[in-house]
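Overview (structure and organization)
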Amino acid sequence: MKIGILQTAPNNCAALDQLARRYPGVEIVHYVDGCVWEHYLAAGQRVTEKCAQIMAADFNKMLEAGCQRLGLLCNLIKPGVALAQTMVPQPIVVYDDVQARRAVAVTPPGGKIAVVAMKETPLEPSRQAVLAAARQAGKEVSVCKLCIEAAQHCLEETGRTDWADAYVERFLRKHAGEYHAFVIPQVPLTRLMPRLRDLSTPVFDSMEPFVEALALGEKE
């Protein structure tokens, strides 16, 4: 089975392919389209109708190439998905919507979910995704955004991802008892997951749930 994933940069293709190997017979078709990103930037970091049209064309090309399921791995352009979906016959799965639904599912009514990253950019879109998932589930939850600034500064000053990752891991372990779920929307931080599986608080990264949902056909 072919899965088509639209991205705005090629950084995560290898990691996605590695995750797809867990599912026999699943092959990812990567569609990297920098044009969508350029239109987004040119419009003052807004997702315009033109962006949505480009996205729809990309998804339809993947369907023509034999893809049976479609996904988007970029939350900054996901506001265009609703319009793009009207032009695409197959449902489009958005990566942080999947992790949001799973975090809400394990959180009791009135519980707390933390959206965590080492930069601000993905936090608010994913906070909104969690709130939307909670509304859909009919569940009231508290959602906060946490930017691990020490990790961000470490990465900027040293370029060492392993050192920066250590700050994120240390923060999650220290605060695990304060939340019912952690959501990590910053895509490259999927690399932390092997070190976080023993946490008492469930951690939902961006790529593992996304690939699983596409491979197994998870319903919204």
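Residues numbered from 1 in each chain as written. Predicted model: local features only at pLDDT ≥ 70, side-chain atom pairs only at ≥ 80, totals over all residues. Heavy atoms only, no water.

1. Examining the overall build of the chain
When you go through the chain residue by residue, the secondary structure sums to nine helices and eight strands. Its C-alpha atoms put the chain at 50 × 40 × 40 Å along the principal axes. The buried share of the chain, taken over its 220 residues, is 50%. In the chain, once contacts between residues fewer than 6 apart in sequence are set aside, the share between residues at least 24 apart is 68%. If you sum the accessible surface of the chain, you get close to 10400 Å²; carbon and sulfur atoms cover 52% of it. (Helix = DSSP H or I, 4+ residues; strand = E, 2+ residues; numbered from the N terminus. Buried < 20%, exposed > 50% of the residue type's maximum accessible area, 1.4 Å probe, protein only. Contact = heavy atoms within 4.5 Å. Areas by Shrake-Rupley, 256 points an atom, 1.4 Å probe, with all protein chains shown as cover.)

2. Considering the sheet that holds strand 7 (residues 181–183)
Within a sheet, each strand pairs with its neighbour through backbone hydrogen bonds, oriented either parallel or antiparallel. Spatially, the four strands line up as an open sheet ordered 6-5-7-8, and their pairing is parallel. The open sheet has two free edges, formed respectively by strand 6 (142–147) and strand 8 (203–204), since each of these has just one partner strand. Pairing of strand 5 (residues 112–117) with strand 6 involves six bridges; the strand directions are parallel. Each bridged residue has a counterpart across the sheet, and for Ile113 the counterpart in strand 6 is Val143. (Pairing = 2+ DSSP bridges.)

3. Details of the packing of aromatic side chains
Evaluation of the coordinates by the stated rule reveals three aromatic pairs. The residue whose ring lies beneath Arg170 is Tyr167, and the NZ or CZ to ring-centre distance is 5.2 Å. (Phe/Tyr/Trp six-rings, centres within 6.5 Å; stacked < 30°, edge-to-face > 60°. Lys NZ or Arg CZ within 6 Å of the ring centre and 35° of its normal.)

4. Concerning the pairing of strand 1 (residues 2–7)
Burial within strand 1 is extensive, with five of its six residues counted as buried. Summarising the sheet, strand 1 and strand 2 (residues 27–32) pair through six bridges and their orientation is parallel. By the bridge assignment, Ile5 is partnered in strand 2 with His30. Remark: the strand 1/helix 1 (residues 13–20)/strand 2 crossover connection has right-handed handedness. Relative to strand 3 (residues 69–72), strand 1 is paired through four bridges, and the arrangement is parallel. Counted as the bridge partner of Gly4 is Leu70 from strand 3. (Right-handed = clockwise from strand over helix to strand, strands pointing away.)

5. A few points about unusual backbone geometry
It is generally the case that most residues other than glycine have a negative phi and that most peptide bonds are trans. Phi at Gln45 is positive, roughly 60 degrees, even though this residue is not glycine. Structurally, Gln45 is set in the loop between helix 2 (34–42) and helix 3 (49–64). Judged by relative accessible area, Gln45 falls into the exposed class, the value being 52%.

6. Remarks on the packing of helix 7 (residues 149–158) against helix 8 (residues 161–175)
The N-to-C vectors of helix 7 and helix 8 enclose an angle of 170 degrees; their axes lie 8 Å apart at closest approach. What the angle tells us is that helix 7 and helix 8 run roughly antiparallel. Here helix 7 contributes Ala150, Ala151, Cys154, Leu155 and Thr158 to the contact with helix 8, which in turn contributes Thr161, Trp163, Ala164, Tyr167 and Val168. For the contact of helix 7 with helix 8, the residue count by class is eight nonpolar, two polar and no charged. (Axes fitted to C-alpha atoms, helices over the stretch in contact; angles between N-to-C directions. Parallel < 35°, antiparallel > 145°, perpendicular 65-115°, else oblique. Nonpolar A, V, L, I, M, F, W, Y, C, P; charged D, E, K, R; others polar.)

Worth remembering: the numbers are spatial, not functional.
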